[in-house]
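# Tertiary structure, described
Below, each chain spelled out in residue letters.
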Amino acid sequence: MIDQLKIDFMKIFPGEEEVRVFFAPGRVNLIGEHTDYNGGYVFPCALSIGTYAVVRKRQDQLVRMYSLNFKDVEIVQFSLDSLLYEKSHDWANYPKGVMDVLIKKGHHLSTGFDVLFYGNIPNGAGLSSSASIELATAVVINELFHLNLEMVELVKISQQAENEFIGVSCGIMDQFAIGMGKEDHAVLLNCQTLDFTYSPLKLQDASLIISNTNKRRGLADSKYNERRYECDMALRDLQKELSISSLGELTKEQFEAHKHLIKNELHQKRAKHAVYENERTKEAVVKLQAGDIAGFGRLMNESHRSLRDDYEVTGTELDALVEAAWNQEGVIGSRMTGAGFGGCTISIVKDAYIETFIQEVKDSYTKTTGLIPDFYVVQVGSGARELQLEA
Ligand code: NG1
Ligand code: MG
């Protein structure tokens, strides 16, 4: 694959000098959904699929970018001193945003560069293809120009790019999981303090399966910002009596005792999800570490119900896919993952049942929705990095 990417690079950007190759994974969140921007816990892992970047420095200030995923599009070319958001090359805004934040923070990119991107994560599916290309860019620039920034700093810069350049007020989960991921581990991250611990994914005789609804998440970004707003409003009401700075600081008991302060019924439901989901996430990780996979799975199912009924971010397709999974033998837990409204689900399935799972869930889902889902058995990889090339 890497050899082929180098050949492709040479065709698009002919030249003598050596190239370097970088990789940033996608991620899947196991539990802790819509908790990151509420100062709560998340529990994602990095995938073995992701975004490749083949790159070579230039002599001038030009950046030229090409994506193999959008073959109809020509080379996107711009100068480092005029980084503009452009609707016509939507994918290019993610790397541009990272460059913009780095430059605004005073980092010096001494020259431009040519870069070829190739991603094997399905786009717009909740597996963070966007954060993946952001981190790929951040690592490329960090290495190429010897910025010596720590990975956590690159994570924050990438999040800032998404917030300010793209305009999605996302939390830090995706960029963190992608930057800091560790092979065969998930990471329990406190999104308020950024304290984190790695937890080995010991699923005994079971595997993680991602199922893609193949329903594009059209409304995701606007609805996403709307949910953030609703949670902020609920927090403001609670702050009349409680000195807290995020919903993630509340226990269920504290929430129940003070929820009457949140007058708007919708805002109250959103806050309830955030608080309960946060507690569920901590509980789930304790269960996993104790080897209680069934207990972990039950909490995944509860998470989905809460996202469906209180947070209202699932929709027909995600619900159909999860319900089909729940009806299958050998399924330990199943829920939507990511922002919602489409995209993917994550399930834990006993190895002996994987084949029937794929067949039966597919049939059932297609019957209900008319769409054909895709399935991936998850391989947990490590975080964003330069790939060492053989000579
Ligand atoms: P996805 O589905 O990858 O877009 C989004 C946010 C996360 C998090 C989850 C919900 C972006 C880029 N990321 O993930 O920060 O809030 O939703 O848990 O919008
Ligand atoms: Mg995204």
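In this text the structure is predicted, and so the values were computed from the model without any measurement.

Once that is clear, we can look at the overall build of the protein chain. A tally of regular secondary structure across the protein chain gives eleven helices and 13 strands. For the protein chain, whose C-alpha radius of gyration is 21 Å, the value lies close to the compact-globule estimate of 21 Å for 391 residues. Looking at the protein chain as a whole, 58% of its 391 residues qualify as buried. Intrachain contacts of the protein chain at a sequence separation of at least 6 include 72% that bridge at least 24 residues. Just so you have it, the protein chain exposes about 16600 Å², and 47% of that area is on carbon and sulfur atoms. Counting 41 positive and 55 negative side-chain charges, the protein chain places the averaged centre of each group 3 Å from the other.

A few words on the nonpolar core. Core analysis: the biggest nonpolar cluster contains 66 residues, and Met65, Trp91, Met99, Phe113, Ile141, Leu238 and Leu247 have the highest contact counts within it. Take this core: its biggest share by element is nine residues, from helix α3 (residues 129–144). In this view, methionine 99 contacts Val63, Met65, Phe78, Leu80, Leu83, Phe113, Thr137 and Ile141; residues no more than four positions away in its chain are not counted.

Volume-wise, the largest pocket comes out at about 1000 Å³. Around the largest pocket, the lining is made up of 44 residues, and of these Tyr94, Gly124, Ser129, Ser130 and Arg217 lie nearest the centre. Within the residue set of the lining of the largest pocket, elements represented by two or more residues are β6 (113–119), α3, α4 (151–166), α5 (173–180) and α6 (220–238). Residues of the lining of the largest pocket, tallied by class, amount to 19 nonpolar, 16 polar and nine charged.

This paragraph deals with helix α9 (residues 293–309). The end-to-end C-alpha separation of α9 is 25 Å, in line with the 24 Å expected for 17 residues at 1.5 Å each. Among the residues of α9, Ile293, Gly295, Phe296, Gly297, Leu299, Met300, Asn301, Ser303, His304, Ser306 and Leu307 are the ones counted as buried. Where the residues of α9 are buried, they touch α8 (265–289), α10 (316–326), β10 (331–336) and β11 (344–350).

Summed over all chains, the structure comprises 22 salt bridges. Notably, a salt bridge pairs glutamate 226 with arginine 227, separated by 3.2 Å at the nearest N-O pair. Looking at glutamate 226, the relative accessible area reads 34%, which means it is partly exposed. Owing to a relative accessible area of 4%, arginine 227 belongs among the buried residues under this scheme. A salt bridge links glutamate 312 to lysine 269; the shortest N-O distance between them is 3.5 Å. With a gap of 43 residues between them, glutamate 312 in the loop between α9 and α10 and lysine 269 in helix α8 connect regions that are remote in the sequence. The partly exposed category is assigned to glutamate 312, whose relative accessible area is 33%. Overall, the relative accessible area of 26% leaves lysine 269 in the partly exposed class. One continuous salt-bridge network, built from bridges that share partners, spans Lys223, Glu226, Arg227, Glu230, Lys269, Arg270 and Glu312.

Below, the discussion takes up the side chain of asparagine 142. Relative to the helices and strands, asparagine 142 is located in helix α3. With a relative accessible area of 7%, asparagine 142 lands in the buried category. Leave out the neighbours within four places in its chain, and asparagine 142 touches Leu147, Asn148, Leu149 and Leu154.

Glancing now at the sheet that holds strand β9 (residues 206–212). On the basis of which strands lie adjacent, the open sheet formed by four strands has the order β10-β11-β9-β12 and antiparallel pairing. On the outer flanks of this sheet lie β10 and β12 (374–377), each paired with one strand and no other. For this sheet, the mean angle separating the axes of adjacent strands, direction not counted, is 20 degrees. Across five bridges, the pairing between β10 and β11 is antiparallel. Paired with methionine 336 across the two strands is threonine 345, which belongs to β11. The strands touched by α10 within the sheet are β9, β10 and β11, with β10 carrying the most contacts at an inclination of about 175 degrees.

With respect to the element layout, arginine 227 can be found in helix α6. Apart from residues lying up to four places away in sequence, arginine 227 is in contact with Tyr37, Arg270, Tyr311, Glu312 and Val313.

All right, on to the site of ligand 1 then. The local shell around ligand 1 holds 17 residues, among which Glu33, His34, Asp36, Tyr224 and Ala339 are the closest. In the model, an oxygen atom of ligand 1 is placed 2.6 Å from a nitrogen or oxygen of the aspartate 36 side chain. Between ligand 1 and alanine 339, the relevant distance is 2.7 Å, taken from an oxygen atom to a main-chain nitrogen or oxygen of the residue. In the complex, the protein chains occlude 97% of the 430 Å² of accessible area that ligand 1 would expose alone. Put simply, ligand 1 lies in the largest pocket. Looking at side-chain class alone, the shell around ligand 1 contains six nonpolar, five polar and six charged residues.

What counts, and at which threshold
- Residues numbered from 1 in each chain as written.
- Chains lettered and ligands numbered in written order.
- Predicted model: local features only at pLDDT ≥ 70, side-chain atom pairs only at ≥ 80, totals over all residues.
- Heavy atoms only, no water.
- Helix = DSSP H or I, 4+ residues; strand = E, 2+ residues; numbered from the N terminus.
- Rg over C-alpha atoms; globule rule 2.2 N^0.38 Å.
- Buried < 20%, exposed > 50% of the residue type's maximum accessible area, 1.4 Å probe, protein only.
- Contact = heavy atoms within 4.5 Å.
- Areas by Shrake-Rupley, 256 points an atom, 1.4 Å probe, with all protein chains shown as cover.
- Lys, Arg positive; Asp, Glu negative; His and termini not counted.
- Charge placed at Lys NZ, Arg CZ, Asp CG, Glu CD.
- Core = buried A, V, L, I, M, F, W, Y, C linked by side-chain atoms within 4.5 Å.
- 1 Å grid on protein atoms, 1.4 Å probe; cavity = no way out; pocket = protein on both sides within 12 Å on 5 of 7 lines; lining within 4 Å.
- Points joined across faces, edges and corners; volume = space filled by probe spheres on them.
- Nonpolar A, V, L, I, M, F, W, Y, C, P; charged D, E, K, R; others polar.
- Expected span 1.5 Å × (residues − 1).
- Salt bridge = Lys/Arg side-chain N within 4 Å of Asp/Glu carboxyl O.
- Pairing = 2+ DSSP bridges.
- Axes fitted to C-alpha atoms, helices over the stretch in contact; angles between N-to-C directions.
- Near = heavy atom within 4 Å.
- Polar contact = N/O pair within 3.5 Å; in protein donor to acceptor, adjacent residues only side chain to side chain.
- Sits in = over half its atoms within 2 Å of the grid points.

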